[in-house]
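The primary structure of each chain is shown beneath.
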Amino acid sequence: MTTIELNEENLPRLAPRPCDCHKGQLGHAVIVAGGAGMGGAGLLAAQACLRLGAGLVSLLTHPDHVAASLARQPEVMVHGVTTAAGLQPLLPQATVLLLGPGLGQTGQAADMLEAAAGSPVVQVWDADALNLLALQPERFIAAGPRILTPHPGEAARLLGWSAGEVQAQREQAALQLARQYQSVVVLKGHGSLIADPGGQLLVCRHGHPVMAGPGFGDVLGGVITAFVAQGMSSVDAACLAVWLHARAGERLAAQGRGVIASDLLTPMRALLEAWSPV
Ligand SMILES: NC(=O)C1=CN([C@@H]2O[C@H](COP(=O)(O)OP(=O)(O)OC[C@H]3O[C@@H](n4cnc5c(N)ncnc54)[C@H](OP(=O)(O)O)[C@@H]3O)[C@@H](O)[C@H]2O)[C@@H](O)CC1
Ligand SMILES: Nc1ncnc2c1ncn2[C@@H]1O[C@H](COP(=O)(O)OP(=O)(O)O)[C@@H](O)[C@H]1O
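Note that residues are indexed from 1 along each chain, following the sequence as it is written. Chain A is the first chain written and ligand 1 is the first ligand written, with later ones labelled in order. pLDDT decides what is reported in this predicted model: residues at 70 or higher carry local features, side-chain atom pairs at 80 or more are listed and counted, and totals for whole chains, interfaces and linings draw on all residues regardless. The side-chain numbers reported here are obtained from all heavy atoms of the structure, hydrogens and water having been left aside.

**Let's talk about the site of ligand 1**
The near set for a molecule or strand comprises every residue that places at least one heavy atom within 4 Å of it. Lining the immediate environment of ligand 1, one finds 17 residues, of which Gly 102, Asp 128, His 151, Arg 157 and Asp 218 sit closest. At 2.9 Å from an oxygen atom of ligand 1 is found a side-chain nitrogen or oxygen belonging to His 151. Whenever two N or O atoms come within 3.5 Å, that pair is a polar contact, provided that in protein one can donate a hydrogen and the other can accept it, and provided that, for residues adjacent in sequence, both atoms are side-chain atoms. Between Arg 157 and ligand 1, the recorded distance is 2.8 Å, taken from a side-chain N or O atom to an oxygen atom. Bound to the protein, ligand 1 loses 53% of the 910 Å² it would expose on its own. The way it works is that DSSP assigns letters per residue, a run of H or I at least four long becomes a helix, a run of E at least two long becomes a strand, and they are numbered from the N terminus. Secondary structure elements with two or more residues in the shell around ligand 1: α1 (39-51), α6 (152-159) and α7 (163-168). Note on areas: Shrake-Rupley with a 1.4 Å probe; residue coverage comes only from the protein chains shown.

What follows is the structure in C-alpha coordinates.
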(Lines give C-alpha, C1' and ligand atoms only; values in the text may rest on other atoms or scores of the structure.)
(Ligands and ions follow the chains in the order given, each with its own letter.)
Protein backbone atom coordinates (compact mmCIF):
# COMPACT_ATOMS: atom_id res chain seq x y z
CA MET A 1 0.00 0.00 0.00
CA THR A 2 1.49 3.36 -1.07
CA THR A 3 0.28 6.38 0.86
CA ILE A 4 0.92 9.73 -0.80
CA GLU A 5 1.57 12.62 1.57
CA LEU A 6 -0.35 15.75 0.57
CA ASN A 7 2.00 18.68 0.13
CA GLU A 8 2.49 21.73 -2.05
CA GLU A 9 4.05 19.59 -4.79
CA ASN A 10 0.88 17.57 -5.40
CA LEU A 11 -1.94 19.68 -3.97
CA PRO A 12 -4.59 20.52 -6.61
CA ARG A 13 -5.45 24.12 -7.42
CA LEU A 14 -8.79 25.71 -8.18
CA ALA A 15 -8.76 27.27 -11.66
CA PRO A 16 -8.84 31.10 -11.83
CA ARG A 17 -12.23 32.57 -12.69
CA PRO A 18 -12.66 33.99 -16.18
CA CYS A 19 -13.36 37.77 -16.25
CA ASP A 20 -16.93 37.25 -17.40
CA CYS A 21 -17.65 34.59 -14.80
CA HIS A 22 -21.09 34.57 -13.17
CA LYS A 23 -22.53 32.74 -10.18
CA GLY A 24 -24.43 30.30 -12.37
CA GLN A 25 -21.08 28.82 -13.45
CA LEU A 26 -19.94 28.16 -9.88
CA GLY A 27 -22.45 25.54 -8.91
CA HIS A 28 -25.56 25.38 -6.76
CA ALA A 29 -24.94 23.48 -3.53
CA VAL A 30 -28.02 22.10 -1.82
CA ILE A 31 -27.38 21.19 1.80
CA VAL A 32 -29.81 18.86 3.59
CA ALA A 33 -29.00 19.25 7.26
CA GLY A 34 -29.98 20.77 10.58
CA GLY A 35 -32.66 18.60 12.18
CA ALA A 36 -34.37 19.71 15.39
CA GLY A 37 -31.84 21.02 17.89
CA MET A 38 -28.88 20.94 15.47
CA GLY A 39 -29.46 23.93 13.23
CA GLY A 40 -25.87 25.09 13.74
CA ALA A 41 -24.40 22.13 11.88
CA GLY A 42 -26.26 22.98 8.66
CA LEU A 43 -25.54 26.68 8.98
CA LEU A 44 -21.81 26.13 9.54
CA ALA A 45 -21.67 23.92 6.45
CA ALA A 46 -23.63 26.47 4.39
CA GLN A 47 -21.42 29.37 5.49
CA ALA A 48 -18.25 27.43 4.70
CA CYS A 49 -19.63 26.45 1.30
CA LEU A 50 -20.46 30.06 0.48
CA ARG A 51 -17.20 31.47 1.86
CA LEU A 52 -15.08 29.04 -0.17
CA GLY A 53 -16.70 30.16 -3.37
CA ALA A 54 -19.81 28.18 -4.34
CA GLY A 55 -22.05 30.15 -6.69
CA LEU A 56 -25.34 29.52 -4.89
CA VAL A 57 -26.07 27.76 -1.60
CA SER A 58 -29.46 26.47 -0.46
CA LEU A 59 -29.88 25.18 3.08
CA LEU A 60 -32.75 22.79 3.72
CA THR A 61 -33.18 22.68 7.47
CA HIS A 62 -35.84 22.24 10.17
CA PRO A 63 -38.35 25.12 10.10
CA ASP A 64 -37.28 26.10 13.65
CA HIS A 65 -33.89 27.17 12.26
CA VAL A 66 -34.94 29.21 9.24
CA ALA A 67 -35.23 32.65 10.85
CA ALA A 68 -31.99 32.36 12.82
CA SER A 69 -30.09 31.07 9.79
CA LEU A 70 -31.28 33.96 7.61
CA ALA A 71 -30.44 36.47 10.31
CA ARG A 72 -26.91 35.09 10.52
CA GLN A 73 -26.31 34.53 6.78
CA PRO A 74 -28.75 36.22 4.38
CA GLU A 75 -26.76 35.13 1.28
CA VAL A 76 -27.88 31.54 1.90
CA MET A 77 -31.32 30.50 0.59
CA VAL A 78 -32.95 28.80 3.55
CA HIS A 79 -35.96 26.48 3.34
CA GLY A 80 -37.80 24.81 6.21
CA VAL A 81 -38.12 21.15 5.21
CA THR A 82 -38.99 18.07 7.26
CA THR A 83 -40.29 15.58 4.69
CA ALA A 84 -39.19 13.88 1.48
CA ALA A 85 -42.17 15.47 -0.31
CA GLY A 86 -40.99 18.91 0.82
CA LEU A 87 -37.48 18.14 -0.41
CA GLN A 88 -38.32 16.82 -3.89
CA PRO A 89 -39.08 20.15 -5.63
CA LEU A 90 -35.81 21.65 -4.38
CA LEU A 91 -33.52 18.87 -5.59
CA PRO A 92 -33.45 19.51 -9.38
CA GLN A 93 -31.62 22.82 -8.90
CA ALA A 94 -28.67 21.11 -7.18
CA THR A 95 -25.36 20.63 -8.99
CA VAL A 96 -23.91 19.10 -5.80
CA LEU A 97 -25.49 17.88 -2.56
CA LEU A 98 -24.24 17.86 1.04
CA LEU A 99 -26.31 15.49 3.14
CA GLY A 100 -26.33 14.88 6.85
CA PRO A 101 -24.78 17.49 9.20
CA GLY A 102 -27.06 17.57 12.24
CA LEU A 103 -29.83 15.90 10.20
CA GLY A 104 -30.82 13.46 12.95
CA GLN A 105 -31.82 9.85 12.49
CA THR A 106 -35.61 10.01 12.60
CA GLY A 107 -37.82 8.24 10.08
CA GLN A 108 -38.36 11.57 8.30
CA ALA A 109 -34.61 12.17 8.12
CA ALA A 110 -34.19 8.72 6.57
CA ASP A 111 -36.95 9.45 4.04
CA MET A 112 -35.27 12.74 3.07
CA LEU A 113 -31.91 11.01 2.68
CA GLU A 114 -33.44 8.34 0.46
CA ALA A 115 -35.07 11.01 -1.73
CA ALA A 116 -31.87 13.06 -2.01
CA ALA A 117 -29.77 9.98 -2.78
CA GLY A 118 -31.77 9.58 -6.00
CA SER A 119 -30.30 12.80 -7.41
CA PRO A 120 -27.73 12.17 -10.19
CA VAL A 121 -25.16 14.72 -8.92
CA VAL A 122 -22.07 14.42 -6.72
CA GLN A 123 -23.21 13.81 -3.14
CA VAL A 124 -21.16 14.54 -0.01
CA TRP A 125 -22.39 12.34 2.85
CA ASP A 126 -21.52 13.39 6.42
CA ALA A 127 -22.63 12.81 10.02
CA ASP A 128 -26.19 11.42 10.22
CA ALA A 129 -26.26 10.52 6.52
CA LEU A 130 -23.40 8.13 7.40
CA ASN A 131 -25.15 6.88 10.53
CA LEU A 132 -28.31 6.14 8.53
CA LEU A 133 -26.27 4.49 5.77
CA ALA A 134 -24.61 2.24 8.35
CA LEU A 135 -28.03 1.14 9.62
CA GLN A 136 -29.56 0.40 6.18
CA PRO A 137 -26.85 0.18 3.50
CA GLU A 138 -29.20 -1.52 1.03
CA ARG A 139 -31.74 1.33 1.27
CA PHE A 140 -29.54 4.31 0.50
CA ILE A 141 -28.19 3.85 -3.02
CA ALA A 142 -26.69 7.05 -4.41
CA ALA A 143 -27.60 7.86 -8.02
CA GLY A 144 -24.53 10.11 -8.31
CA PRO A 145 -20.86 9.81 -7.30
CA ARG A 146 -20.48 9.91 -3.52
CA ILE A 147 -17.93 11.32 -1.07
CA LEU A 148 -18.16 9.96 2.49
CA THR A 149 -16.61 12.04 5.29
CA PRO A 150 -16.66 9.92 8.47
CA HIS A 151 -14.89 10.64 11.74
CA PRO A 152 -13.56 7.46 13.36
CA GLY A 153 -16.84 6.85 15.23
CA GLU A 154 -18.87 7.07 12.03
CA ALA A 155 -16.32 4.97 10.15
CA ALA A 156 -16.65 2.32 12.85
CA ARG A 157 -20.43 2.20 12.39
CA LEU A 158 -20.05 1.92 8.61
CA LEU A 159 -17.54 -0.92 8.88
CA GLY A 160 -19.03 -2.77 11.85
CA TRP A 161 -15.74 -2.24 13.71
CA SER A 162 -15.04 -0.36 16.97
CA ALA A 163 -13.64 3.19 16.88
CA GLY A 164 -10.48 1.79 18.47
CA GLU A 165 -10.09 -0.70 15.62
CA VAL A 166 -10.48 2.10 13.08
CA GLN A 167 -7.84 4.20 14.82
CA ALA A 168 -5.45 1.23 15.03
CA GLN A 169 -5.65 0.67 11.24
CA ARG A 170 -6.72 3.98 9.76
CA GLU A 171 -5.31 3.35 6.28
CA GLN A 172 -6.99 -0.06 5.96
CA ALA A 173 -10.24 1.42 7.28
CA ALA A 174 -10.25 4.23 4.71
CA LEU A 175 -9.49 1.87 1.81
CA GLN A 176 -12.05 -0.70 2.97
CA LEU A 177 -14.75 1.99 3.22
CA ALA A 178 -13.93 3.30 -0.25
CA ARG A 179 -14.17 -0.21 -1.72
CA GLN A 180 -17.21 -1.31 0.25
CA TYR A 181 -19.26 1.81 -0.48
CA GLN A 182 -17.69 2.55 -3.92
CA SER A 183 -17.11 6.13 -2.81
CA VAL A 184 -14.32 8.60 -2.24
CA VAL A 185 -13.70 8.58 1.52
CA VAL A 186 -12.28 11.22 3.85
CA LEU A 187 -11.41 9.53 7.16
CA LYS A 188 -11.14 12.51 9.51
CA GLY A 189 -9.08 12.98 12.66
CA HIS A 190 -5.37 13.60 13.26
CA GLY A 191 -3.72 12.62 9.96
CA SER A 192 -6.86 12.76 7.79
CA LEU A 193 -6.86 10.25 4.92
CA ILE A 194 -8.42 10.46 1.47
CA ALA A 195 -9.12 7.12 -0.26
CA ASP A 196 -10.82 6.17 -3.51
CA PRO A 197 -12.30 2.85 -4.67
CA GLY A 198 -9.33 2.29 -7.00
CA GLY A 199 -6.99 2.06 -4.00
CA GLN A 200 -5.47 5.54 -4.15
CA LEU A 201 -4.63 6.77 -0.63
CA LEU A 202 -3.47 10.24 0.44
CA VAL A 203 -2.69 11.56 3.91
CA CYS A 204 -2.69 15.10 5.28
CA ARG A 205 -0.18 15.47 8.10
CA HIS A 206 -1.36 18.95 9.10
CA GLY A 207 -3.99 20.00 11.65
CA HIS A 208 -3.95 20.73 15.37
CA PRO A 209 -5.76 19.65 18.56
CA VAL A 210 -7.40 23.11 18.84
CA MET A 211 -9.69 21.65 16.17
CA ALA A 212 -11.16 19.14 18.63
CA GLY A 213 -14.46 20.97 19.02
CA PRO A 214 -18.01 21.00 17.65
CA GLY A 215 -18.68 21.85 14.03
CA PHE A 216 -15.18 21.46 12.58
CA GLY A 217 -16.40 18.53 10.49
CA ASP A 218 -19.49 20.45 9.38
CA VAL A 219 -17.20 23.18 8.05
CA LEU A 220 -15.06 20.61 6.20
CA GLY A 221 -18.15 19.15 4.53
CA GLY A 222 -19.14 22.63 3.34
CA VAL A 223 -15.67 23.27 1.90
CA ILE A 224 -15.53 19.97 -0.02
CA THR A 225 -18.98 20.77 -1.41
CA ALA A 226 -17.86 24.27 -2.47
CA PHE A 227 -14.95 22.85 -4.46
CA VAL A 228 -17.09 20.22 -6.19
CA ALA A 229 -19.57 23.02 -7.01
CA GLN A 230 -16.71 24.91 -8.69
CA GLY A 231 -15.84 21.98 -10.91
CA MET A 232 -13.17 19.98 -9.10
CA SER A 233 -13.15 16.19 -9.15
CA SER A 234 -14.21 14.47 -5.93
CA VAL A 235 -10.66 13.45 -4.95
CA ASP A 236 -9.20 16.88 -5.75
CA ALA A 237 -11.98 18.66 -3.86
CA ALA A 238 -11.43 16.40 -0.84
CA CYS A 239 -7.65 16.89 -0.90
CA LEU A 240 -7.73 20.67 -1.23
CA ALA A 241 -10.46 21.02 1.42
CA VAL A 242 -8.73 18.75 3.94
CA TRP A 243 -5.41 20.56 3.45
CA LEU A 244 -6.86 24.11 3.77
CA HIS A 245 -8.94 23.10 6.80
CA ALA A 246 -5.93 21.56 8.56
CA ARG A 247 -3.55 24.43 7.69
CA ALA A 248 -6.14 26.96 8.87
CA GLY A 249 -6.38 25.06 12.16
CA GLU A 250 -2.62 25.33 12.54
CA ARG A 251 -2.80 29.08 11.92
CA LEU A 252 -5.36 29.40 14.72
CA ALA A 253 -3.41 27.19 17.12
CA ALA A 254 -1.61 30.09 18.80
CA GLN A 255 -5.00 31.26 20.11
CA GLY A 256 -5.23 28.09 22.17
CA ARG A 257 -8.35 26.49 23.61
CA GLY A 258 -11.66 27.98 22.58
CA VAL A 259 -10.98 28.29 18.86
CA ILE A 260 -14.39 27.61 17.29
CA ALA A 261 -15.27 26.10 13.93
CA SER A 262 -16.42 29.34 12.30
CA ASP A 263 -13.00 30.87 13.12
CA LEU A 264 -11.62 28.67 10.31
CA LEU A 265 -13.38 30.62 7.58
CA THR A 266 -11.06 33.65 7.50
CA PRO A 267 -7.73 31.74 7.46
CA MET A 268 -9.08 29.17 4.98
CA ARG A 269 -10.01 31.97 2.58
CA ALA A 270 -6.58 33.59 2.94
CA LEU A 271 -4.83 30.26 2.34
CA LEU A 272 -7.01 29.54 -0.70
CA GLU A 273 -6.36 32.95 -2.20
CA ALA A 274 -2.60 32.46 -1.79
CA TRP A 275 -2.80 28.99 -3.35
CA SER A 276 -5.40 29.59 -6.07
CA PRO A 277 -5.98 33.31 -6.71
CA VAL A 278 -9.44 34.18 -7.98
N1 LIG B 1 -23.81 22.85 16.34
C2 LIG B 1 -24.38 21.71 15.92
O3 LIG B 1 -25.54 21.68 15.52
C4 LIG B 1 -23.58 20.46 15.91
C5 LIG B 1 -24.17 19.26 15.54
N6 LIG B 1 -23.46 18.13 15.40
C7 LIG B 1 -24.19 16.95 14.96
O8 LIG B 1 -24.36 16.08 16.05
C9 LIG B 1 -24.65 14.78 15.54
C10 LIG B 1 -23.83 13.77 16.28
O11 LIG B 1 -22.47 13.86 15.86
P12 LIG B 1 -21.24 13.64 16.85
O13 LIG B 1 -20.03 13.57 16.00
O14 LIG B 1 -21.23 14.69 17.91
O15 LIG B 1 -21.57 12.28 17.55
P16 LIG B 1 -21.18 10.79 17.15
O17 LIG B 1 -21.34 10.52 15.70
O18 LIG B 1 -21.88 9.89 18.09
O19 LIG B 1 -19.59 10.75 17.40
C20 LIG B 1 -19.03 10.74 18.67
C21 LIG B 1 -18.26 9.45 18.84
O22 LIG B 1 -17.42 9.17 17.71
C23 LIG B 1 -16.11 8.85 18.11
N24 LIG B 1 -15.16 9.83 17.57
C25 LIG B 1 -15.44 11.02 17.01
N26 LIG B 1 -14.33 11.63 16.59
C27 LIG B 1 -13.32 10.80 16.89
C28 LIG B 1 -11.93 10.89 16.70
N29 LIG B 1 -11.32 11.94 16.08
N30 LIG B 1 -11.18 9.87 17.13
C31 LIG B 1 -11.77 8.80 17.73
N32 LIG B 1 -13.10 8.67 17.92
C33 LIG B 1 -13.86 9.67 17.51
C34 LIG B 1 -16.10 8.87 19.62
O35 LIG B 1 -16.11 7.54 20.03
P36 LIG B 1 -15.38 7.07 21.39
O37 LIG B 1 -14.01 7.69 21.37
O38 LIG B 1 -16.23 7.62 22.47
O39 LIG B 1 -15.37 5.58 21.29
C40 LIG B 1 -17.37 9.60 20.03
O41 LIG B 1 -18.03 9.00 21.14
C42 LIG B 1 -24.34 14.82 14.04
O43 LIG B 1 -25.52 14.98 13.30
C44 LIG B 1 -23.51 16.07 13.92
O45 LIG B 1 -23.58 16.66 12.62
C46 LIG B 1 -22.02 18.12 15.55
O47 LIG B 1 -21.53 18.36 14.25
C48 LIG B 1 -21.56 19.18 16.54
C49 LIG B 1 -22.13 20.55 16.25
N1 LIG C 1 -6.59 16.61 17.09
C2 LIG C 1 -6.89 16.91 15.82
N3 LIG C 1 -5.92 17.02 14.90
C4 LIG C 1 -6.23 17.29 13.62
N5 LIG C 1 -7.48 17.50 13.18
C6 LIG C 1 -8.48 17.41 14.06
C7 LIG C 1 -8.26 17.11 15.42
N8 LIG C 1 -9.45 17.09 16.05
C9 LIG C 1 -10.39 17.34 15.12
N10 LIG C 1 -9.81 17.54 13.93
C11 LIG C 1 -10.51 17.79 12.66
O12 LIG C 1 -11.73 18.47 12.92
C13 LIG C 1 -12.81 17.86 12.21
C14 LIG C 1 -13.81 17.25 13.22
O15 LIG C 1 -14.87 16.65 12.53
P16 LIG C 1 -16.09 15.94 13.27
O17 LIG C 1 -15.60 15.04 14.32
O18 LIG C 1 -16.96 15.41 12.21
O19 LIG C 1 -16.79 17.20 13.99
P20 LIG C 1 -18.30 17.74 14.02
O21 LIG C 1 -19.21 16.58 13.78
O22 LIG C 1 -18.47 18.31 15.40
O23 LIG C 1 -18.42 18.78 12.97
C24 LIG C 1 -12.19 16.81 11.31
O25 LIG C 1 -11.90 17.34 10.04
C26 LIG C 1 -10.89 16.45 12.03
O27 LIG C 1 -9.89 15.98 11.15
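**Some words on the site of ligand 2**
In the vicinity of ligand 2 there are 17 residues, among which Lys 188, Gly 189, Gly 215, Gly 217 and Asp 218 approach most closely. Measuring from an oxygen atom of ligand 2, one finds a backbone N or O atom of Gly 215 at 2.8 Å. Between ligand 2 and Asp 218, the relevant distance is 3.0 Å, taken from an oxygen atom to a main-chain nitrogen or oxygen of the residue. If ligand 2 stood free it would expose 570 Å²; the protein chains cover 79% of that surface. When residues of the shell around ligand 2 are assigned to their parent elements, the largest contribution, four residues, is made by helix α9 (residues 216-229). Amino acids are sorted into nonpolar (Ala, Val, Leu, Ile, Met, Phe, Trp, Tyr, Cys and Pro), charged (Asp, Glu, Lys and Arg) and polar (every other residue, Gly among them). Of the residues in the shell around ligand 2, the class split is six nonpolar, nine polar and two charged.

**Quick look at the nonpolar core**
Residues belong to one nonpolar core when they are buried, are Ala, Val, Leu, Ile, Met, Phe, Trp, Tyr or Cys, and are joined through side-chain atoms within 4.5 Å. Buried, partly exposed and exposed residues are distinguished by accessible area as a fraction of the type maximum, computed with a 1.4 Å probe on protein chains only: under 20%, between the cut-offs, and over 50%, respectively. Judged by nonpolar contacts, the single largest core of 61 residues is most densely connected at Ile 31, Ile 194, Val 219, Ile 224, Phe 227, Leu 244 and Met 268. Looking at this core, the element that brings in the most residues is helix α10 (residues 234-252), giving twelve residues. In this structure, Met 268 is in contact with Leu 52, Val 219, Val 223, Leu 244, His 245 and Ala 248, ignoring residues within four places of it in sequence. The next biggest cluster of nonpolar side chains, apart from the first, holds 43 residues, and it includes Val 30, Leu 132, Tyr 181 and Leu 201. Contact criterion: two residues are considered in contact whenever any of their non-hydrogen atoms come within 4.5 Å of each other.

**Considering the UniProt feature "binding site: (6S)-NADPHX" (unreviewed entry) in the protein**
In the numbering used here, UniProt assigns the feature "binding site: (6S)-NADPHX" (unreviewed entry) to Ala 41, Gly 102, His 151 and Asp 218. You can see Ala 41 is positioned in helix α1. Owing to a relative accessible area of 12%, Ala 41 belongs among the buried residues under this scheme. Beyond its immediate chain neighbours, meaning those up to four positions away, Ala 41 contacts Pro 101, Gly 102 and Asp 218. You can see His 151 is positioned in the loop between β7 (146-148) and α6. Not counting residues up to four positions away in its chain, the partners in contact with His 151 are Leu 187 and Lys 188. Only 3.0 Å separates the side chain of His 151 from the backbone nitrogen of Gly 153, close enough to count as a polar contact. UniProt positions are given in the numbering used here, feature names are shortened, and annotations may be inferred rather than shown by experiment.

**Comments concerning the sheet that holds strand β9 (residues 193-195)**
In this analysis, strands are considered paired if DSSP registers two or more bridges between them. Taken together, the ten strands give an open sheet; going across it, the order is β1-β10-β9-β8-β7-β6-β5-β2-β3-β4, and neighbouring strands pair in mixed fashion. Both outer strands of the open sheet, β1 (4-5) and β4 (77-80), are each paired with one neighbouring strand and no more. Bridge count for strand β6 (residues 122-125) against β7 is three bridges, and the pairing is parallel. Residue pairing in the sheet places Val 124 in a bridge with Ile 147 of β7. Each axis is a line fitted through C-alpha atoms, taken for helices only over the stretch in contact, and angles between the N-to-C directions span 0 to 180 degrees. On top of the sheet, helix α4 (residues 107-117) reaches β5 (96-99) and β6; it is set at about 150° to β6, its chief contact.

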